[in-house]
Amino acid sequence: MSETQAGEPVDYIAETRANYDALGFPPYQWVESSGTPPWSPAEVPLHEAKIALLASGGIYRRGQRAFHYKDDASYRVIDTSVPSEDLRISHFAYDLTDAREDPGVVFPVDSLRSLIDEGSLGSIAPEAFTFMGGIYSARKVREELAPALVERVVDQRPDIALLVPV
Amino acid sequence: MTSALSITRSVGAPRAAFVDFPLGHTTGKKNEPEMQKRLIKSALAAFHELREPGGIKILDERWSDDATWRKDPMRGGASSADAPEGDFRTPRLDTPQYQLPSDQIEAEAQHRQGGCGSCVGAE
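Summary of the structure given here. Throughout, residues of each chain are indexed from 1 in the direction in which the sequence is written. The lettering of chains begins at A and the numbering of ligands begins at 1, in the order of writing. Side-chain atom pairs in this predicted model are given and counted only at pLDDT of 80 or more, local residue features only at pLDDT of at least 70, and totals for whole chains, interfaces and linings cover all residues. Water and hydrogen atoms were dropped before computing side-chain values, which therefore reflect all heavy atoms in the structure.

### Description of the pairing of strand 6 (residues 127-130) of chain A
Residue and element names in this part refer to chain A. Any two strands with at least two DSSP bridges between them are considered paired. Helix numbering and strand numbering both begin at the N terminus, where a helix is a DSSP run of H or I of at least 4 residues and a strand a DSSP run of E of at least 2. Relative to strand 6, strand 1 (residues 50-55) runs parallel, the two being bridged by two bridges. Among the inter-strand pairings, L54 is bridged to a residue of strand 6, identified as F129. With four bridges connecting them, strand 3 (residues 75-79) and strand 6 associate as antiparallel partners. Bridging from a neighbouring strand, I78 pairs with A128 of strand 6.

Structure (structure tokens):
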């Protein structure tokens, strides 16, 4: 982090707790993992690596169904050659203004293609996967959405995967 | 990549790159393709730089020179004076929330013949 940027990183866990408390709701249960995170070493150099892209900012493509705002655990398959003018955003929990004007702020497919063009990244998997974060049921994500996404991603045999949450 | 450090620490991602921007800008500022590319490039370098599970690389990009946006980060750094008080959340509607009315017409036309195959769990 630049030393000249004022202030400390926002603590969203504390902020959400305070918001819920002020509204009289029971505390939100954040996912807390214990133990050491899983790990696979990155073995392929970036300029040869095939990358998979997953994003939870509520991105869909023209012609696809938008997300709904009540524990929507569905996902969309988006061709990574998609023109950015065909990308749309629906999400209940963040200000969508900038993302709708420039989807690159939450779905960096143009940046990845540009890195491939300049030779610093190998390639991108043909399909990206998008969903809408803010799914209140951690169980639904753990038992249904995440395993389905893992299977789809592994099918494309990427070397690395980039997750872009909002 | 993440712009919510506390949440990423809590879930225990294998490796992460943190960008200290308001929510809704995980991969950069709008209409700044060079900055977006720089951020991604620096984040991807973390695949090889981070060597321990749970490592988080702090990306060296600034949102602005002052901390005003931190007062209301969930509204994308909008001025707090413009923000409504009380419950900030959008109603939890269970029907698709299209960006444009024309999106709904196109999607319904595509799905009328059966599933499109790319809206998994939403057919």
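From this point, things continue past the structure.
### Focus on the pairing of strand 3 of chain A
Most of strand 3 of chain A sits inside the fold, with four of its five residues counted as buried. Relative to strand 3 (residues 119-120) of chain B, strand 3 of chain A is paired through two bridges, and the arrangement is antiparallel. By the bridge assignment for strand 3 of chain B, R76 of chain A is matched with C119 of chain B. Under the scheme applied here, a residue whose accessible area is under 20% of the maximum for its type counts as buried, over 50% as exposed, and between as partly exposed, the area being computed with a 1.4 Å probe on protein chains only.

### Focus: the interface of chain B and chain A
Whether two residues are in contact is decided by their heavy atoms, any of which lying within 4.5 Å being enough. Every contact between the two is made by 81 residues of chain B and, on the other side, 82 residues of chain A. In this description, buried area is defined as the sum, over both parts, of the accessible area (probe of 1.4 Å) that is lost when the two are combined. Carbon and sulfur atoms make up 57% of the surface buried where chain B meets chain A, a total of about 6,900 Å² over both sides. The term salt bridge refers to a side-chain nitrogen of Lys or Arg lying within 4 Å of a carboxyl oxygen of Asp or Glu. For the pair chain B and chain A, the interface holds seven salt bridges. The salt bridge partner of K41 of chain B is E118 of chain A, with a shortest N-O separation of 3.0 Å. N or O atoms closer than or at 3.5 Å make up a polar contact, with two conditions inside protein: a donor-capable atom paired with an acceptor-capable one, and, for residues adjacent in sequence, both atoms drawn from side chains. Counting across the interface, chain B meets chain A through 38 residue pairs in polar contact (both at pLDDT 80 or more). In terms of residue count, helix 2 (residues 33-49) of chain B provides more of the side of chain B that touches chain A than any other element does, eight residues in total. Classifying every residue of the side of chain B that touches chain A by side-chain character gives 34 nonpolar, 25 polar and 22 charged. Side-chain classes follow a simple rule in which Ala, Val, Leu, Ile, Met, Phe, Trp, Tyr, Cys and Pro form the nonpolar group, Asp, Glu, Lys and Arg form the charged group, and the remainder, Gly included, forms the polar group.

### Focus: the packing of aromatic side chains
Each aromatic pair joins two rings of Phe, Tyr and Trp (for Trp, the six-membered one) with centres within 6.5 Å, and gets the label stacked for planes under 30 degrees apart, edge-to-face for over 60, and tilted for any other angle. Under the counting rule described, the total for this entry stands at five aromatic pairs over all chains. Here Y69 of chain A and F92 of chain A contribute two aromatic rings whose centre-to-centre distance is 6.1 Å and whose plane-to-plane angle is 45°, an arrangement assigned as tilted. Linking Y69 of chain A in the loop between strand 2 (59-61) and strand 3 with F92 of chain A in the loop between strand 4 (87-89) and helix 2 (97-101), this pair joins segments that are 23 residues apart in sequence. Both rings, one in F21 of chain B and one in W63 of chain B, keep their centres 5.1 Å apart while their planes meet at 65°; by these two values the pair is edge-to-face.

### Looking at the state of the cysteines
Residue and element names in this part refer to chain B. Cysteine sulfur pairs qualify as disulfides if the two atoms are within 2.5 Å. Evaluation of the coordinates by the stated rule reveals zero disulfides over all chains. No disulfide involves C116; its sulfur sits 3.5 Å from that of C119, the nearest cysteine. Here C119 falls in the buried class, since its relative accessible area comes to 0%.

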